[in-house]
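The lines below spell out each chain.
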Amino acid sequence: MSDRTVEALITAGVGLVVVIAVRMLLGIAIGRYERRLTAKDPALAARRRTTLGFLRKVVVALVAGIAIWKVLSLYPSTDQLVNALLASSAVLAIFVGLAFNTPLSNLGSGMLVAFAQPLRIGDRVTVGEQTGFVEEMDLLYTTLVTDDARRVFIPNSQLTATMIVNRTIRDPRRVVSASLPVRLGAPIAEARAAAVMALEGVGGIHRGESKVLVGDVTGNAVWLTAMASAPLDADVIQLGSDLREVLLGALGDAGYLASSA
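1. Considerations on the confidence of the model for the protein chain
On average, the protein chain scores 81 in pLDDT, and the residues at 70 or more come to 86%. Across the protein chain, element-level confidence peaks in strand S4 (residues 151–155) with a mean pLDDT of 92 and bottoms out in helix H4 (residues 91–99) with 57.

In structure tokens:
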């Protein structure tokens, strides 16, 4: 094994240790800062968590890049290539162009989102056709956890190119709905009142915020849509089942349900 190879291995080992140390130290420092900030202003802590978490990943990636660069510079062929690229006046234009094209556009977009914060870690958002909680924002992808526990990986570039609906900021509620058919000729006002009263007995929803609306009218039924709001961490699948169960009981006992839809 040549002396240059030994030096490269040692440099790579030192670089790996530095990367791990920087990652750990940043994690400890950011964790302590978040705890102090949470005690003073939880809302501000939520904003800082997203930004600082993303910046931590950027710093670690830069340190790793420098370590790789140092290893490559030990070999004459790769050292000349690196120096030639740095000396070229076109390098900046190349990097700027790449920053706005896949995949480096994901890094640039992620940085924009981390500072502008249309979404934050822990927020419930809708991006395109996907709805879920923001679990993680990495350098290239943002991870959403959907209601059925699927993990959806959205390229960061998509976050700056499509509409984002944030369901946490200013209105931290989730809407649960269920629709049931009421027979034609039934007293709709009384059926709605019975449905609203039944909804108040469902656990896990906000009291006094439920409503029942008149929906479509089919051949022999009028569809009533019940809507209730719940906390962000609610199990909407289970709540939807509970809503249908109590509505079936209330409307069925009153004789309002349609025999078939």
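Picking up where we left off.
2. Observations regarding the sheet that holds strand S8 (residues 221–230)
Taken together, three strands build an open sheet; the order of strands is S6-S8-S7 and the sheet is antiparallel. The open sheet has two edge strands, strand S6 (174–183) and strand S7 (211–217), and neither has a second partner. The mean angle between the axes of side-by-side strands here comes to 25°, regardless of whether they run parallel or antiparallel. Relative to S8, S7 is paired through five bridges, and the arrangement is antiparallel. Paired with Val212 across the two strands is Ala226, which belongs to S8. This element, helix H7 (residues 188–199), spans S6, S7 and S8 of the sheet and lies at about 135° to S7. Of the strands in this sheet, S6 and S8 touch helix H8 (residues 236–253), which is tilted by about 30° from S6.

3. Looking at H8
Over its 18 residues, H8 runs 25 Å from end to end, which matches the ideal 26 Å to within 8%, given 1.5 Å per residue. Among all positions in H8, only Val236, Leu239, Gly240, Leu243, Leu247 and Leu251 are buried. Around the axis of H8, the buried residues are gathered within 100° of arc, so they sit on the same side. In this structure, H8 carries Ile237, Glu245 and Asp253 as exposed residues pointing more than 90 degrees from its buried face. In the core, the buried residues of H8 are packed alongside S6, H7 and S8. One or two steps after H8, the chain reaches Gly255, where phi turns positive at roughly 75°.

4. Digging into the nonpolar core
Ranked by size, the top nonpolar core spans 22 residues in total, and within it Val182, Leu239, Leu243 and Leu247 carry the most contacts. Secondary-structure elements contributing two or more residues to this core are S6, H7, S8 and H8. Sort the elements by how many residues they give to this core and H8 lands first, with five residues. The residues contacting Leu239, other than those within four sequence positions of it, are Val176, Val202, Gly203, Gly204, Ile205, Ala230 and Ala234. Within the second largest apolar cluster, 14 residues are counted, among which are Phe54, Ala114, Val125 and Ile154.

5. Concerning the packing of aromatic side chains
Counted under the stated rule, the structure contains zero aromatic pairs. The ring of Phe133 has Arg124 sitting right over it, with the charged end atom 5.5 Å from the ring centre.

6. A closer look at the pairing of strand S3 (residues 141–145)
On a regular strand, each side chain points to the face opposite its neighbour's, so the side chains alternate between the two faces of the sheet. Counting buried positions along S3 yields four of five residues, so the element is predominantly enclosed. Summarising the sheet, strand S2 (residues 130–137) and S3 pair through four bridges and their orientation is antiparallel. Looking at S3, one finds that Met137 is bridged to Thr142. Once S2 ends, the chain turns through three residues before running back antiparallel as S3.

7. Focus: the sheet that holds strand S5 (residues 164–166)
Taken in spatial order, the five strands of this open sheet run S4-S3-S2-S1-S5, and their pairing is antiparallel. Looking at which strands have only one partner, the edges of the open sheet turn out to be S4 and S5. Averaged over neighbouring strand pairs, the angle between their axes works out to 40° when direction is ignored. The sheet contact formed by S3 and S4 spans five bridges and is antiparallel. Pairing of Val145 across the sheet is with Arg151, part of S4.

8. Here's the deal with the packing of H7 against H8
Contact pair H7 / H8: the axes reach a minimum separation of 9 Å and the direction vectors enclose 135°. In this view, H7 runs oblique relative to H8, as classed from their interaxial angle. Like other packed secondary-structure pairs, H7 and H8 cross with a definite hand, here right-handed. Residue-level contacts link Ala191, Ala194, Ala195, Ala198 and Leu199 of H7 to Leu243, Val246, Leu247, Ala250 and Leu251 of H8.

The rules behind these values
Residues numbered from 1 in each chain as written. Predicted model: local features only at pLDDT ≥ 70, side-chain atom pairs only at ≥ 80, totals over all residues. Heavy atoms only, no water. pLDDT = per-residue confidence, 0-100. Helix = DSSP H or I, 4+ residues; strand = E, 2+ residues; numbered from the N terminus. Pairing = 2+ DSSP bridges. Axes fitted to C-alpha atoms, helices over the stretch in contact; angles between N-to-C directions. Contact = heavy atoms within 4.5 Å. Expected span 1.5 Å × (residues − 1). Buried < 20%, exposed > 50% of the residue type's maximum accessible area, 1.4 Å probe, protein only. Arc of directions from axis to C-beta. Core = buried A, V, L, I, M, F, W, Y, C linked by side-chain atoms within 4.5 Å. Phe/Tyr/Trp six-rings, centres within 6.5 Å; stacked < 30°, edge-to-face > 60°. Lys NZ or Arg CZ within 6 Å of the ring centre and 35° of its normal. Parallel < 35°, antiparallel > 145°, perpendicular 65-115°, else oblique. Left-handed = near helix turned anticlockwise from the far one by under 90°.

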